[in-house]
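# Coordinate inspection notes
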Amino acid sequence: MALLEVKDLDVGFDTPEGKVHAVNHLSFSLEAGVTLALVGESGSGKTQAVMSILGLLAENGHVSGQALFKGQDLLQMNTQELNLRRGNEIAMIFQDPMTSLNPYLRIDRQMTEVVMHHKGLKKSEATVYAVEMLRAVQIPDPERIIRQYPHELSGGMRQKVMVAMGLLSEPELLIADEPTAAVDVTVQVQITHLMSALREKSNTAIILISHDLGIVAGLCDRVLVMYAGEAVECGSVEQIYYDPKHPYTQGLLNSVPRLDQPGSRELEAIPGNPPNLLNLPDGCKFRDRCPKAFDACREKPPMQLGEDRHAYRCFLGLSE
Amino acid sequence: MRVQDLAVHFILREGGLLRPKTHTIKAVDGVSFDLNAGETLGVVGESGSGKSTLARALLALIKPDRGRVLWFGEDLHKLDEESLRKKRQDMQIVFQDPLAALNPRMTVRNIIAEPLWTFFPKIARVQVDERVRGVMKMVGLLPNQVNRYPHEFSAGQCQRIGIARALVLNPKLVICDEPVSALDVSVQAQIVNLLKNLQKKLNLSLVFIAHDLSVVRHISDRVMVMYLGRAMELSRRDALYRRPLHPYTSALIKAVPVPDPRLARVKTDSGLTGDMPSPLSPPPGCVFHSRCPYLIKRCQMEVPALRRMESGDWVACHRAEELDLTIVKSG
C-alpha cells in the first residue's frame, strides 16, 4: 500500500473576483522512502495542494477529493485527529524561514514543544534531543544557538533550524516547500545533502516542492510537473529529464541556464505568461504557450500512461 | 565608467544611553574596476556581499566613504546636485522586485513617461506618447496596454515595464539589480534574452547583478565575484567559468546544481562549510579565509590585494598562481 495516495484533489478559493481554481483533479501516490518532487511555476498549485492535504488552507479555501495516508483519508479528519499526525507522522518544512519561526520565542521553546507534545518527553529531555537534532543538521555550537531568538541567526541557519524541526519527530512523510529558495547557493548544497542523508537513515518519504530543476535532479526519485493546477506529466527523474513528453516539461528544462553547457547559447524561453487561475482556458491549459499546439488541443487532453508509470497529459503522445 | 577603490561603510549604533556602541559595517570595501561602453559586467555574490550597495554607489544614490566613481572622467560624487541630475539621464536602474518597483496607482503610460517629464518638463504630449509606445514595443509589451495598471500584468511583464522605464531616456548605462531573481525560470529566460538583445541593439553598458553564476554567464562579457564587500575576482567570462582564479568563485560554480539526474548525483559538493561571517566582524586577513579549503597561514594575517594576472584577469588571493581550479566536467 502506498504511504500517501491522493485522488482527484480539487482546491478552490472564493475571492471577490470569483472562484480561483488552484488545484484541479490532482492524483498521485507516494511509497515509503521515495522522494517526489512537485515542480511548476509559481501559481501552478504546488503549495496549495500540500496545504490542503495538511488541513492548512486559508479560510476561503475549499477542498474535495481524497488524501489517504496509510489508508485513512486526511481530508475527512477533524483537527484533533489531524493533530495526532501533523508534526508527528507528517512534518512540514515551510518556505520562508523568517516568517514561519515565531520571532518572540527562543529556538529551544519552538523545538521542544513538538517532542514534548508527541513523545511525552520532559522539558530537559526534549532540550537534549533538540540539541542533538541541531547538531545533526550541522549547526555549529548548538547549545548556544538553541538559546537564541530567530532574528539572531542568519538565513541559512534559520533554514537549517526549520529542517531540524521537521525531522524532530522522525516523520514517515516530510513535506518540504521550497526549502532552499531563500538561502544562498553554497548553503543550498548543504541543505540538500542533509535531506538526502536523513532520508537514507530513516526511510522517510519526502514531497519536495521546488522550482529549481537542478535541486530536483540531485535529490528526487520521481517528479510530478504541474501547470495551472493540473498534473501535466509524472514519471521517474530519468524519464522526466531524459525523455520529457509534455511540451511544458520540455520548455521548462530548456529554459534553465546550465553551467555544464556552452554559455554562448541563447536561453530558450517559454513565450507568454501562465494563465489566469480565475479564468482558465478550456481544453489544454498550456495551449496558448505551446509551440506544438494543434486543433485537437481545444479539447482537454486525457492523462496517458506510457511505459513504466510515465504519465503525461498531451495529445502528441497519442499520434506518435 | 571607472571605479577606483570605492568603499561604502554604514555605522550601526546600538546599546543604551549610557554605553553606546557603534559598529562599522563595510558594505563595500575597496572595489575598483573599469566599465567600457557597450560592455556587460556581471556582479555575483551571496546575500550580504555588497552588490546592491555597490549599485547604489555607482549611481551616486549613496555617498561613498572613500574612492571615486568616474563617469567619462568626472567624479560623480564631486558634482553639485544640478550637474549630477543631468548625468542621471544617462544612468538608469532596474530593480529586483518588479511589482514593488512600480507605483500601483499609476498607469503604465505614466510610469514609463515619468522620467521624460522629469527631465523635459515642457515636452509635448504627442512626443511623450510616441516615445512611450516606442519603448513598449521595444521591450515586447503591447502599446495598446498603456492605460492599464501594474496589477493587471504578470511579474515578467512588470519587469518589462521596469526596463521600458529605464530605457525611455536613451541611457548609456543601465544597472540591473537582480532583475530576474523573482521570476520563474521560463520567464527569467525571456527577460535575460531581452536584456541581451537590447544591450546589443542600443550599445548599452550593462551592470547585471545576480546571486548565482548561472544566469550571469548568458549575458556578461566579464564577471566580478564579490564576498563581504570585496571583489574576489574579476575575469573575462569564459576564463572564469573554465578556470576560476579564486577558490570562492570555484565554490560558487560547483554549488550550482546541474539539472541532469546522472551528473547531479556524482557531483562533488562545493567544499564550503558554514555561512558567510557577519559583516559586523569580518575575519582578519583575507575575508574568505574562514571558509577557504586552501587556507595557509598568510591568509589569516594579510589582506590580499586585487591584482592583475598575466592573462589580464584580476584576483584577490595569495595563492592564485599555484592553485589550479580548473572546473572538471563530469560525464
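Keep in mind the model is a prediction, meaning the values are calculated, not measured.

For chain A, the count of helices and strands is twelve helices and twelve strands. Radius of gyration (C-alpha) of chain A: 20 Å, near the 20 Å computed for a compact globule of 320 residues. C-alpha extents for chain A along the principal axes are approximately 65 × 50 × 40 Å. The 320 residues of chain A split such that 49% are buried. Taking as baseline every contact in chain A between residues at least 6 positions apart, the subset at least 24 positions apart corresponds to 62%.

Our focus in this paragraph is the sheet that holds strand β11 (residues 307–308) of chain B. Remark on secondary structure: sheet strands pair via backbone hydrogen bonds, oriented parallel or antiparallel. All names here are of chain B. The sheet built from eight strands is open, its strands ordered β6-β7-β8-β3-β9-β10-β12-β11 with mixed pairing. Edge strands, defined here as strands with exactly one partner in the open sheet, are β6 (91–94) and β11. Where β6 meets strand β7 (residues 173–177), four bridges bridge the pair, whose relative direction is parallel. Residue Q92 lies in a different strand from β7, and its bridge partner there is V174. Most of the contacts of helix α9 (residues 247–255) go to strand β9 (residues 222–227), to which it runs at about 100°, and overall it touches β3 (40–44), β9 and β10 (230–236).

This part covers the sheet that holds strand β1 (residues 4–15) of chain A. All names here are of chain A. Overall, antiparallel pairing links the four strands, which are arranged β2-β1-β4-β5 in an open sheet. Two strands bound the open sheet, and with one partner strand each, they are β2 (18–30) and β5 (72–73). Note that β1 and strand β4 (residues 61–69) share eight bridges and pair antiparallel. In the sheet register, E5 faces β4, and the bridge partner there is L68. Against the sheet, helix α1 (residues 46–53) contacts β1, β2 and β4, and its axis sits at roughly 110° relative to β1.

Counting residues at the interface gives 41 residues for chain B, matched by 40 residues for chain A. Elements that contribute at least two residues to the side of chain B that touches chain A include exactly α5 (155–167), α6 (185–202), α7 (213–216), α8 (237–242), α9 and α10 (261–266) of chain B. Counting residues per element, the side of chain B that touches chain A draws most heavily on α6 of chain B, which supplies seven residues. The class makeup of the residues in the side of chain B that touches chain A is 19 nonpolar, twelve polar and ten charged.

On to the environment of G12 of chain A. All names here are of chain A. Topologically, G12 is positioned in strand β1. Sequence separation between G12 and L278 is 266 residues; the distance between their C-alpha atoms is 9.9 Å. Excluding anything up to four places from it in sequence, G12 contacts K19, V20, H21, A22 and H62.

What follows is about unusual backbone geometry. A positive phi angle, close to 50°, is found at D308 of chain A, a residue other than glycine. Tracing the chain through its elements places D308 of chain A in the loop between β11 (304–305) and β12 (311–312). Overall, D308 of chain A belongs to the exposed group, with 9 C-beta atoms counted inside 10 Å. Even without glycine at this site, E178 of chain B takes up a positive phi of about 45°. With respect to the helices and strands, E178 of chain B occurs in the loop between β7 and α6. Exposure remark for E178 of chain B: the 19 C-beta atoms within 10 Å place this residue in the partly exposed category.

All names here are of chain A. In a regular helix each residue adds 1.5 Å, so 13 residues correspond to 18 Å; helix α7 (residues 155–167) covers 19 Å between its end C-alpha atoms and thus fits that length. With twelve of its 13 residues buried, α7 lies for the most part within the structure. Those residues of α7 not exposed but buried are G156, M157, R158, Q159, K160, V161, M162, V163, A164, M165, G166 and L167. Along its buried surface, α7 packs onto β6 (90–93), α3 (97–100), α4 (107–119), α5 (123–136), β7 (173–177) and α8 (185–202).

Residues and elements named next belong to chain A. The first and last C-alpha atoms of α5 sit 20 Å apart over 14 residues, in line with the 20 Å expected at 1.5 Å per residue. Along its buried surface, α5 packs onto α4, α6 (142–145) and α7. A positive backbone phi angle near 60° is found at Q138, which sits one or two residues after α5.

Residue and element names in this part refer to chain B. With respect to the secondary-structure elements, G312 resides in the loop between β11 and β12 (314–315). By C-beta crowding, G312 is classed as exposed, having 9 other C-beta atoms within 10 Å. In this structure, the C-alpha to C-alpha distance between G312 and S235, residues 77 residues apart in sequence, is 7.9 Å.

The next subject is the domain arrangement of chain A. Residue and element names in this part refer to chain A. When its domains are assigned, chain A resolves into domain 1 (4–89 + 171–269 + 305–313) and domain 2 (100–168). The distance between the C-alpha centroids of domain 1 and domain 2 comes to 26 Å. Across the contact, twelve residues belong to domain 1 and eleven residues belong to domain 2. Here the residues of the side of domain 1 that touches domain 2 sort into eight nonpolar, three polar and one charged.

Residue and element names in this part refer to chain B. The N-to-C vectors of helix α3 (residues 108–119) and α5 enclose an angle of 30°; their axes lie 7 Å apart at closest approach. Judged by the angle between their axes, α3 and α5 are roughly parallel. For the pair α3 and α5, the sense of crossing is right-handed. Residue-level inspection shows V108, I111, I112 and P115 of α3 in contact with α5, the latter providing I161, A164 and R165.

Here we take up the nonpolar core. One finds V216 of chain A together with I112, A164 and V207 of chain B to be the most contacted residues of the largest nonpolar core, which totals 189 residues. Of the domains in this structure, domain 1 (4–89 + 171–269 + 305–313) and domain 2 (100–168) of chain A are the two that each give at least three residues to this core. If near-sequence neighbours (up to four positions away) are discounted, A164 of chain B is found in contact with I112, V135, M136, V139 and L141 of chain B.

Turning our eyes to something else, we now look at the confidence of the model for chain A. Summing up the model confidence of chain A, the mean pLDDT is 87 and the portion of residues at 70 or higher is 98%. Looking across chain A, the model is least confident in helix α12 (residues 316–319) of chain A, with a mean pLDDT of 64, and most confident in strand β9 (residues 222–227) of chain A, with 95.

Basis of the calculations
Residues numbered from 1 in each chain as written. Chains lettered and ligands numbered in written order. Predicted model: local features only at pLDDT ≥ 70, side-chain atom pairs only at ≥ 80, totals over all residues. Helix = DSSP H or I, 4+ residues; strand = E, 2+ residues; numbered from the N terminus. Rg over C-alpha atoms; globule rule 2.2 N^0.38 Å. Buried ≥ 20, exposed ≤ 12 C-beta atoms within 10 Å, placed from the backbone. Contact = placed C-beta atoms within 7 Å. Pairing = 2+ DSSP bridges. Axes fitted to C-alpha atoms, helices over the stretch in contact; angles between N-to-C directions. Nonpolar A, V, L, I, M, F, W, Y, C, P; charged D, E, K, R; others polar. Expected span 1.5 Å × (residues − 1). Domains from an automatic or database assignment. Parallel < 35°, antiparallel > 145°, perpendicular 65-115°, else oblique. Left-handed = near helix turned anticlockwise from the far one by under 90°. Core = buried A, V, L, I, M, F, W, Y, C linked by C-beta atoms within 7 Å. pLDDT = per-residue confidence, 0-100.

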